[in-house]
Amino acid sequence: MDEAKPFDIPKWEVWEAFKKVKANQGAAGVDGQSIADFEADLSNNLYKLWNRLSSGSYFPPPVRRVDIPKGDGGTRPLGIPTVADRIAQEVARRFLEPCLEPVFHADSYGYRPGRSALDAVRTARQRCWRYDWVLDIDVRSYFDSIDWELLLKAVRHHTDCRWALLYIERWLKAPEQTGDGSIVPRTAGTPQGGVISPLLANLLLHYAFDMWMARNFPHIPFERYADDIICHCESADEARALWSALADRFAVCKLVLHPEKTKIVYCKDVNRRGDFPNQSFDFLGFTFRARKTLWHGYIYAHSFMPAASPAALKDISRTIRRWALHHRSDKTLQELAAMYDPCIRGWINYFSRFHRAQLRPTLMRIDTFLIRWARRKFKRLRGQTTGARRWLARVRRANPTLFSHWLYFNVGSRTSEAV
């Protein structure tokens, strides 16, 4: 029988946390241990982790820093915890989330159960039809700028659980290890890549932004997905006043609005006259701007609507190119579909919800690579672009569900062009 521990953390919570971490997969941390490695001695590893958490002797190792390229040419730093640390963070997240979820704002969508980015985009679309102006807010390096004192004050407001407060503070202050092995101390922020980081980041902006808006600008609706924020205004003057007030508010909270990326946008469409330099904005992978649409089944007009952004489509194209399908002649077509169609299906499920035609040309590039694959795979098709195209068209008609974009865009039907 285990001796009494200072912290009452049930063993089954650690087990449930492991199952969630395993389902999410993820890369190894600074110790190089993968999920499979951890699972090889699962019972012992989970017991040791529970024992340290329950006794107060758990100290998180450094997070492994990885710089992820961004569409604008910059990089986004990720801090990847070890597998054991991810499990420990999941234990804390499972404890803290039920305390915070009931108090979060209705227009906060990021990393919350039962809410999604598509919900935020859908609400933004509807409000852009009712409000002429948008303040598109960008918080500069938000996850790296979070003030620890303010965040811990917010956490203490919702719980007095000693172990949760102890470990959250330790996670915030854990150093990072760079690519060359150097250990670098951190003085602010919560690492993107941490299991508990999204919940903590949401909590700070709940007080820094959501509740502040409810008190000071209750008539201005907004959608917030983590630090991506859109505010809907009646006029350009109202948007400017909000921008100025928000800059002051964020300065108090040790945050900074990005001066170039924060902007006022005029939601111009067929019913809105006048002009303004900015008439579009990006939000969660979608570009909102005036687009030709069919009203009442017979009237063409321009409506302010979202569609997959050029940056998102460029990322998809880059991913398709990295697959190098035409070099995988050792695989069958069915094996290629099993490998890559889950990703294709994910793109369709997300980006096709609004103005799906925008997605079609990008996904049809997959077929261009499949034609090149067929020319390498089959001797009779080598050097025959037209023959390979006809071959793929026959395959599509015979197996329309093999790749999701064939079925979704009705590719290969008698009324559809081949490629």
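Here's what I pulled together on the structure shown here. (Residues numbered from 1 in each chain as written. Predicted model: local features only at pLDDT ≥ 70, side-chain atom pairs only at ≥ 80, totals over all residues. Heavy atoms only, no water.)

**Observations concerning the overall build of the protein chain**
Item 1. Helix and strand counts for the protein chain come out as 16 helices and 11 strands.
Item 2. Across the 419 residues of the protein chain, 50% fall into the buried class.
Item 3. The contacts in the protein chain between residues at least 6 apart in sequence include a share of 67% that link residues at least 24 apart. (Helix = DSSP H or I, 4+ residues; strand = E, 2+ residues; numbered from the N terminus. Buried < 20%, exposed > 50% of the residue type's maximum accessible area, 1.4 Å probe, protein only. Contact = heavy atoms within 4.5 Å.)

**Quick look at the packing of aromatic side chains**
Item 1. Scanning the entire structure with this criterion turns up 26 aromatic pairs.
Item 2. For the ring pair F286 and Y350, a centre distance of 5.2 Å and an interplane angle of 45° mean the geometry is tilted. A residue pair is termed long-range when its members are at least 10 positions apart, and F286 in strand β10 (residues 286-295) and Y350 in helix α12 (residues 333-351) qualify at 64 residues.
Item 3. A relative accessible area of 0% means that F286 is categorised as buried.
Item 4. Here the basic side chain of R115 rests over the ring of Y109, its NZ or CZ set 5.5 Å away from the ring centre. (Phe/Tyr/Trp six-rings, centres within 6.5 Å; stacked < 30°, edge-to-face > 60°. Lys NZ or Arg CZ within 6 Å of the ring centre and 35° of its normal.)

**Considering helix α7 (residues 148-158)**
Item 1. Among the residues of α7, W148, L151, L152, A154, V155 and H158 are the ones counted as buried. Each buried residue of α7 lies within a common arc of 155° when the element is viewed along its axis, so the set occupies one face. In α7, the exposed positions angled more than 90 degrees off the buried face are occupied by E149, K153 and H157.
Item 2. The elements touched by buried residues of α7 are α4 (83-100), α8 (162-173) and α9 (197-216).
Item 3. At the N-terminal end of α7, a side-chain oxygen is found 3.2 Å from the backbone nitrogen of E149, two or three residues along, and the residue is D147. (Arc of directions from axis to C-beta. Polar contact = N/O pair within 3.5 Å; in protein donor to acceptor, adjacent residues only side chain to side chain.)

**Here's the deal with the nonpolar core**
Item 1. Among the nonpolar cores identified, the biggest contains 71 residues, and I87, F209 and C231 are the most heavily contacted of them.
Item 2. Here this core takes 10 residues from α9, the largest share from any one element.
Item 3. Sequence-distant contacts of F209, that is, excluding residues within four places in its chain, are made with I137, F222, R224, I229, C231, L246 and F250.
Item 4. Counting 52 residues, the second-largest nonpolar core is a separate cluster that includes A226, L284, Y340 and I348. (Core = buried A, V, L, I, M, F, W, Y, C linked by side-chain atoms within 4.5 Å.)

**Thoughts on unusual backbone geometry**
In terms of backbone geometry, most residues other than glycine have negative phi values and most peptide bonds are trans.
Item 1. Positive phi, close to 55°, is recorded for A226, a residue that is not glycine.
Item 2. Within the fold, A226 resides in the loop between β6 (222-225) and β7 (228-233).
Item 3. With relative accessibility at 7%, the residue A226 sits in the buried group.
Item 4. Even without being a glycine, A324 presents a positive backbone phi close to 50°.
Item 5. Positionally, A324 belongs in the loop between α11 (310-323) and α12.
Item 6. For A324, a relative accessible area of 19% puts it in the buried group.

**Thoughts on a positive patch on the surface**
Item 1. Positive charge collects at one region of the surface, where K314, R321, R322 and R365 lie side by side.
Item 2. For K314, the location among the structural elements is in helix α11.
Item 3. In this structure K314 comes out as exposed when scored by relative accessible area, which is 52%. (Patch = residues over 30% accessible without salt bridge, like charges linked within 9 Å, V, L, I, M, F, W, Y side chains within 5 Å. Areas by Shrake-Rupley, 256 points an atom, 1.4 Å probe, with all protein chains shown as cover. Salt bridge = Lys/Arg side-chain N within 4 Å of Asp/Glu carboxyl O. Lys, Arg positive; Asp, Glu negative; His and termini not counted. Charge placed at Lys NZ, Arg CZ, Asp CG, Glu CD.)

**Looking at the side chain of H258**
Item 1. Structurally, the position occupied by H258 is in the loop between α10 (236-252) and β8 (263-266).
Item 2. Residue classification places H258 among the buried residues on the basis of a relative accessible area of 15%.
Item 3. With sequence-adjacent residues up to four places away left out, H258 is seen in contact with D138 and R140.

**Overview of the side chain of R86**
Item 1. Mapping R86 onto the fold places it in helix α4.
Item 2. The buried charged residue R86 lacks any salt bridge partner; its closest oppositely charged side chain belongs to D31, at an N-O distance of 7.7 Å.

Keep in mind these values describe shape, not function.
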